[in-house]
Amino acid sequence: MLMAERLVQGMDVWINTPRRPWEASGTSGMKVLVNGGLNLSELDGWWAEAYSPEVGWALGDGKEHGDDPAWDAAEAQDLYDLLEREVIPTFYDRDLRGIPLGWVARMRESMARLTPAFSSNRVVREYAEKHYLPAASAYCERAANRGQLGGDLLHWQRELAKHWSKLRFGSVNVDPHSDPYVFEVQVYLDEIDPEAVRVELYADGHNGAEPVREVMNRREPLIGSANGFLYVASVPAARPVSDYTPRVVPYKDGASVPLEAPFILWRDPA
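Here goes a summary of the coordinates provided. Note that the structure is a prediction, hence the values are computed from the model and not measured. (Residues numbered from 1 in each chain as written. Predicted model: local features only at pLDDT ≥ 70, side-chain atom pairs only at ≥ 80, totals over all residues. Heavy atoms only, no water.)

## Quick word on the overall build of the protein
Item 1. Of regular secondary structure, the protein possesses six helices and 11 strands.
Item 2. A compact globule built from 270 residues should have a C-alpha radius of gyration of about 18 Å, whereas the protein, at 28 Å, is more than 25% larger.
Item 3. The principal-axis extents of the C-alpha atoms in the protein amount to approximately 90 × 55 × 35 Å.
Item 4. Partitioning the intrachain contacts of the protein with sequence separation of at least 6 by distance along the chain shows that 57% fall at a separation of at least 24.
Item 5. Only carbon and sulfur atoms are counted for the fraction: they give 53% of the accessible area of the protein, which is about 17100 Å².
Item 6. Averaging the coordinates of the 28 positive side-chain charges in the protein and doing the same for the 41 negative ones gives two points 6 Å apart. (Helix = DSSP H or I, 4+ residues; strand = E, 2+ residues; numbered from the N terminus. Rg over C-alpha atoms; globule rule 2.2 N^0.38 Å. Contact = heavy atoms within 4.5 Å. Areas by Shrake-Rupley, 256 points an atom, 1.4 Å probe, with all protein chains shown as cover. Lys, Arg positive; Asp, Glu negative; His and termini not counted. Charge placed at Lys NZ, Arg CZ, Asp CG, Glu CD.)

Now the structure itself:
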């Protein structure tokens, strides 16, 4: 830690060249930010997330190439080219006052944009706000009234574990030519309370978007079944009907799923 403190205070560009994906995280490069240093690193670890041309320089194509010596040689040449043609000229290109304006612009952008995001202050604050404080609040709620809510949660978990293997899907009906698609799904819950689960239509997200999770509405009980129901949901016909798959997941207000109930039942497309 003491050596790193001296290093990051006394350098202008931090060069880091691991083979992707062997960068553990990149905290050494993060420490450089607040000291005004710039990063020239492989697109791996934190730099794959943080890099843009305004804040530093990058090596590699963001893909994995194993221990291919030809790729190592190509990246070594890229490194020397970057240093010779961009990094060093930018550092020594100075105005009449001796100030490297292009370099200073990168320093300012790097410090302003990256330091707030890649710092222990942000990490600790985010852990506290997203995890520790909600966990403490959840504990207080579950411990109240002699642990009544905690006891209800435990009963819910045990009932799911006891009967989950007996859940099954029946028929699935949908008109592939309608807009929107209207899915009708038969689900048999064995002895599980219908309020203890959710039936969803699921589809993977496109181009990095969040997946689609459309909650289906429970309708009338299925005639002749002990605990079977018809579930209905409509979704836009903007993608193939085959993208959507019905599934059953645990549900209880205040519970963390799947952490506290690691169950899921997918409808087999076959």
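So, next bit.
## Quick notes on the sheet that holds strand β5 (residues 181-188)
Item 1. Reading across the sheet, the four strands line up as β4-β5-β9-β8 and stay open at both edges, with antiparallel pairing between neighbours. Pairing within the sheet leaves two strands with one partner each, and these edge strands are β4 (168-173) and β8 (217-221). On average, adjacent strands in this sheet sit at an angle of 30° to one another, irrespective of strand direction.
Item 2. Pairing between β5 and strand β9 (residues 228-235): eight bridges, direction antiparallel. Its bridge partner being in β9, Gln 186 is matched across the sheet by Leu 230. (Pairing = 2+ DSSP bridges. Axes fitted to C-alpha atoms, helices over the stretch in contact; angles between N-to-C directions.)

## Some words on the sheet that holds strand β7 (residues 212-215)
Item 1. Judged by pairing direction, the sheet is antiparallel, and its four strands sit side by side in the order β7-β6-β10-β11 without closing on themselves. Bordering the open sheet on either side are β7 and β11 (265-266), each of which pairs with just one other strand.
Item 2. Bridging between strand β6 (residues 197-203) and β7 involves four bridges; their strand directions are antiparallel. For Leu 201, the partnering residue across the bridge sits in β7 and is Glu 214.

## Concerning the pattern of salt bridges
Item 1. The full count for this structure, using the stated rule, is 12 salt bridges.
Item 2. Close ionic contact of Glu 54 with Arg 113 constitutes a salt bridge, the shortest N to O distance being 3.7 Å. Taken as a pair, Glu 54 in the loop between α3 (46-50) and β3 (56-59) and Arg 113 in helix α5 (residues 101-114) lie far apart in primary sequence, 59 residues in all.
Item 3. The shortest N-O distance in the salt bridge between Arg 213 and Glu 200 comes to 2.9 Å. Of this pair, Arg 213 sits in strand β7 while Glu 200 sits in strand β6, placing them 13 residues apart in sequence.
Item 4. Taking the relative accessible area as the measure of exposure, Arg 213 reaches 48% and is therefore partly exposed.
Item 5. Here Glu 200 falls in the buried class, since its relative accessible area comes to 2%.
Item 6. Salt bridges here are not isolated pairs; linked through shared partners, they connect Glu 54, Glu 109 and Arg 113. (Salt bridge = Lys/Arg side-chain N within 4 Å of Asp/Glu carboxyl O. Buried < 20%, exposed > 50% of the residue type's maximum accessible area, 1.4 Å probe, protein only.)

## Section: the side chain of Glu 42
Item 1. Inspection of the secondary structure puts Glu 42 in strand β2 (residues 38-42).
Item 2. Nearest to the buried, unbridged Glu 42 among oppositely charged side chains is Arg 20, at 6.5 Å.
Item 3. Those residues in contact with Glu 42, other than ones at most four positions away along the chain, are Asn 16, Pro 18, Arg 20, Trp 47, Leu 59, Gly 60 and Glu 75.

## Re the packing of aromatic side chains
Item 1. A full pass over the atoms with the stated rule returns 11 aromatic pairs.
Item 2. Put simply, the rings of Trp 46, Trp 47, Tyr 51 and Phe 118 touch in pairs and so form one group of aromatic residues.
Item 3. Between Arg 168 and the ring centre of Tyr 188, over which it is positioned, the NZ or CZ distance is 4.0 Å.
Item 4. Seen from the ring of Tyr 251, Arg 198 lies directly overhead, with NZ or CZ sitting 4.0 Å from the centre. (Phe/Tyr/Trp six-rings, centres within 6.5 Å; stacked < 30°, edge-to-face > 60°. Lys NZ or Arg CZ within 6 Å of the ring centre and 35° of its normal.)

## Here's the deal with the pairing of β9
Item 1. Within β9, seven of the eight residues are buried, leaving the element largely enclosed by the surrounding structure.
Item 2. Here β8 pairs with β9 via three bridges, running antiparallel. By the bridge assignment, Pro 221 is partnered in β9 with Phe 229.
Item 3. What sits between the antiparallel neighbours β8 and β9 is a turn of six residues, in which Gly 224 has the positive phi angle 85°.

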